[in-house]
Amino acid sequence: MNHKSYLALALPLTLSTVTTPLLGAVDTAVVGQLDNPAYIGGVAIGTVIFNTMYWLFGFLRISTSGFAAQAFGARDELQERLSFIRPFFIALLIGLMFLLLQNPIEYAALKLLNPESDVEALASSYFAIRIWGVPVTFVNYVILGWLMGMSRIKIAVMIQVLMNLVNIFLDLLFVQGFSWGVPGVAAATLIAESLALVIGIYVIAKSTSITFQSLSMAHILDTSALKKMLLVNQDLFVRTVCLLLVFNIFTYKSASFGTETLAANAVLIQIHYLMAYFFDGFSNASSILSGKAVGSQDYPLHRKTLSISAQWAVYTSIFLTVLYGLFHERIIQLFTNNQEVIAIAMTYSDWLLLFPISTSIGIIFYGIFTGATETAPVRKSMIFAFLFFLVVYFVSVPLLDNHGLWLAFIAFSAGRSIFLSFYVLKLKTSFAGLN
């Protein structure tokens, strides 16, 4: 493997992953053109609620990708099938559980975030529509993760890009064309996600030999395999809990500074998501290669993947920092034309210049560990990063207000990279034992 082959994998995955935050970014940008900043706040609160649910179970995609990549590397057709079927049923069951519990979830979330009354009403209308897409999204995670793990990158990218293009079109149609406001934004996302599900199921059904009849319940319910999958998912779940606590604390504190500051922070966080998901494309490439290395017991492939991943973490950090530094004002204006929100966002925009370099290693090396299904270091490093965030938060926010909030966020981002890096040598040692 060389840089060219790594980029041939990473760039399509980057295109795919960058389209993911566009669902939230387009939602924010469309309502940002309306005259009341409460619309941005309503979508921001609603997005946080769904990000909480989706990110908590984002391990469905990540672990599916890791197990599928290992089965693909080992050329084990049975395990390739099982790496899809097992998480498929889990995703479906979890999604249905959320539908049954939608009322207490909405009540608890809005009480916890405590937005102003007009923002709360808009967030509630957003929630009432998008909640029906939860099972759809969870199954989509499994579909996307399996396609990526099986190196079916073009199909995965096509599904993601199509979903987001449909979402953009329907956002504009429903909000600007039909004047549906926040409910229109939620409906557009629900329809786009449902379309992606239908296409994903069709693609897998037509292009693979996966059938329920070809697998016995003994295979699906194999105790040792399920235990390993649950341990990996447990680690990734804890990691996601820490991540979501940071974002929910961030949004909660933003709301306490007023609707305009909440809206400004929401715009900047959407820009942050675009950066983070750009890194995530490289992380996914590293995860696939790492999984193949484990499945095929190819230590040189792992060693090369680790080296190239580290180099591209640096290159992408420089690229994103320069890009944002040159065009940050224009980028912010893409999300809202409210001059007060723009002015507040510009006041705090320089914090995002520190985000790429602080978080790049943490996100990209995350793929190395998850592809190898060595997820305990991911869990431990994220707990340390979260504790670091809390220390900085409680010290800096009382002194610096919203600047202190952003300082704590950047400290957390840096902590993700620093603490995960401590485990790289141990990972290299465990891989070396393959040969």
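The preceding data block contains the structure.
My aim in this report is to walk through the structure given alongside it, one point at a time. (Residues numbered from 1 in each chain as written. Predicted model: local features only at pLDDT ≥ 70, side-chain atom pairs only at ≥ 80, totals over all residues. Heavy atoms only, no water.)

Scanning the protein chain from terminus to terminus reveals 18 helices and 0 strands. Positive and negative side-chain charges of the protein chain, numbering 23 and 21 respectively, have mean locations separated by a distance of 16 Å. (Helix = DSSP H or I, 4+ residues; strand = E, 2+ residues; numbered from the N terminus. Lys, Arg positive; Asp, Glu negative; His and termini not counted. Charge placed at Lys NZ, Arg CZ, Asp CG, Glu CD.)

With that out of the way, let us pick up the packing of helix H3 (residues 59-74) against helix H4 (residues 77-100). Packed helices, taken two at a time, are described by the angle their axes make and the gap between the axes. The interhelical angle for the contact between H3 and H4, taken along N-to-C directions, is 165 degrees, at an axis separation of 8 Å. As judged from the angle between their axes, H3 and H4 are roughly antiparallel. Crossing geometry of H3 relative to H4 is assigned as right-handed. Along the contact surface, H3 presents Leu60, Thr64, Phe67, Ala68, Ala71 and Phe72, while H4 presents Gln79, Glu80, Ser83, Pro87, Ile90 and Ala91. Considered class by class, the residues forming the contact of H3 with H4 number 8 nonpolar, 3 polar and 1 charged. (Axes fitted to C-alpha atoms, helices over the stretch in contact; angles between N-to-C directions. Parallel < 35°, antiparallel > 145°, perpendicular 65-115°, else oblique. Left-handed = near helix turned anticlockwise from the far one by under 90°. Contact = heavy atoms within 4.5 Å. Nonpolar A, V, L, I, M, F, W, Y, C, P; charged D, E, K, R; others polar.)

The next point concerns the nonpolar core. Tyr6, Met53, Phe138, Leu268, Ile271, Trp406 and Phe409 are the most contacted members of the largest nonpolar core, which has 145 residues in total. Tallying contributions element by element places helix H12 (residues 259-296) first for this core, with 18 residues. With residues up to four places along the chain from it excluded, the contact list for tryptophan 406 reads Phe250, Asn265, Leu268, Ile269, Tyr348, Trp351 and Leu352. (Core = buried A, V, L, I, M, F, W, Y, C linked by side-chain atoms within 4.5 Å. Buried < 20%, exposed > 50% of the residue type's maximum accessible area, 1.4 Å probe, protein only.)

According to the stated counting rule, one finds 33 aromatic pairs in the structure shown. Of the aromatic side chains, those joined through ring pairs into one cluster are Phe50, Tyr54, Phe57, Phe98, Tyr126, Phe127, Phe138, Tyr141 and Phe237. In this structure, arginine 130 is placed above the aromatic ring of phenylalanine 50, and the distance from its NZ or CZ to the ring centre is 4.9 Å. Directly above the ring of tyrosine 366 sits arginine 239, whose terminal nitrogen or CZ lies 4.1 Å from the centroid. (Phe/Tyr/Trp six-rings, centres within 6.5 Å; stacked < 30°, edge-to-face > 60°. Lys NZ or Arg CZ within 6 Å of the ring centre and 35° of its normal.)

Examined against the element boundaries, isoleucine 153 turns out to sit in helix H8 (residues 153-177). For the pair isoleucine 153 and phenylalanine 335, spaced 182 residues apart in the sequence, the C-alpha separation amounts to 30 Å. For isoleucine 153, the contacting residues outside a window of four places in its chain are Leu9, Pro12, Leu13, Leu147, Met148 and Ile288.

To continue, consider empty space enclosed by the protein. Taken as a whole and judged by the stated rule, the model has 6 cavities of 30 Å³ or more. Approximately 150 Å³ is the volume found for the second largest cavity. Along the wall of the second largest cavity there are 14 residues; nearest its centre are Ala44, Val48, Thr251, Ala266 and Ile269. Of all the secondary structure elements, the ones that give two or more residues to the lining of the second largest cavity are helix H2 (37-56), helix H11 (223-256) and H12. Looking at the lining of the second largest cavity, the element that brings in the most residues is H12, giving 6 residues. A per-class count over the lining of the second largest cavity returns 8 nonpolar, 6 polar and no charged. (1 Å grid on protein atoms, 1.4 Å probe; cavity = no way out; pocket = protein on both sides within 12 Å on 5 of 7 lines; lining within 4 Å. Points joined across faces, edges and corners; volume = space filled by probe spheres on them.)

Mapping isoleucine 308 onto the fold places it in helix H13 (residues 299-333). With 221 residues separating them in the primary sequence, isoleucine 308 and proline 87 have C-alpha atoms 30 Å apart. Here isoleucine 308 is in contact with Met1, Asn2, His3 and Tyr6, once residues within four sequence places are set aside.

Next up on the list: helix H6 (residues 117-130). Helix length check: H6 (14 residues) gives 20 Å between terminal C-alpha atoms against 20 Å at 1.5 Å per residue, within 8%. Those residues of H6 not exposed but buried are Val119, Leu122, Ala123, Tyr126, Phe127 and Arg130. Seen end-on, H6 carries its buried residues on one side only, within an arc spanning 140 degrees. (Expected span 1.5 Å × (residues − 1). Arc of directions from axis to C-beta.)

Its 17 residues give helix H15 (residues 355-371) an end-to-end C-alpha distance of 24 Å, which sits within 8% of 24 Å, the value for a rise of 1.5 Å per residue. Burial runs high along H15: 15 of the 17 residues are buried. Where H15 ends, the next residue or the one after it, threonine 373, has phi of about 50 degrees, a positive value.

Our next topic: the packing of helix H16 (residues 376-400) against helix H17 (residues 402-421). At a minimum axis distance of 7 Å, the contact between H16 and H17 shows a crossing angle of 160 degrees. By the angle between their directions, the pair H16 and H17 is classed as roughly antiparallel. For the pair H16 and H17, the sense of crossing is right-handed. Class assignment for the residues of the contact of H16 with H17 results in 20 nonpolar, 6 polar and 1 charged.

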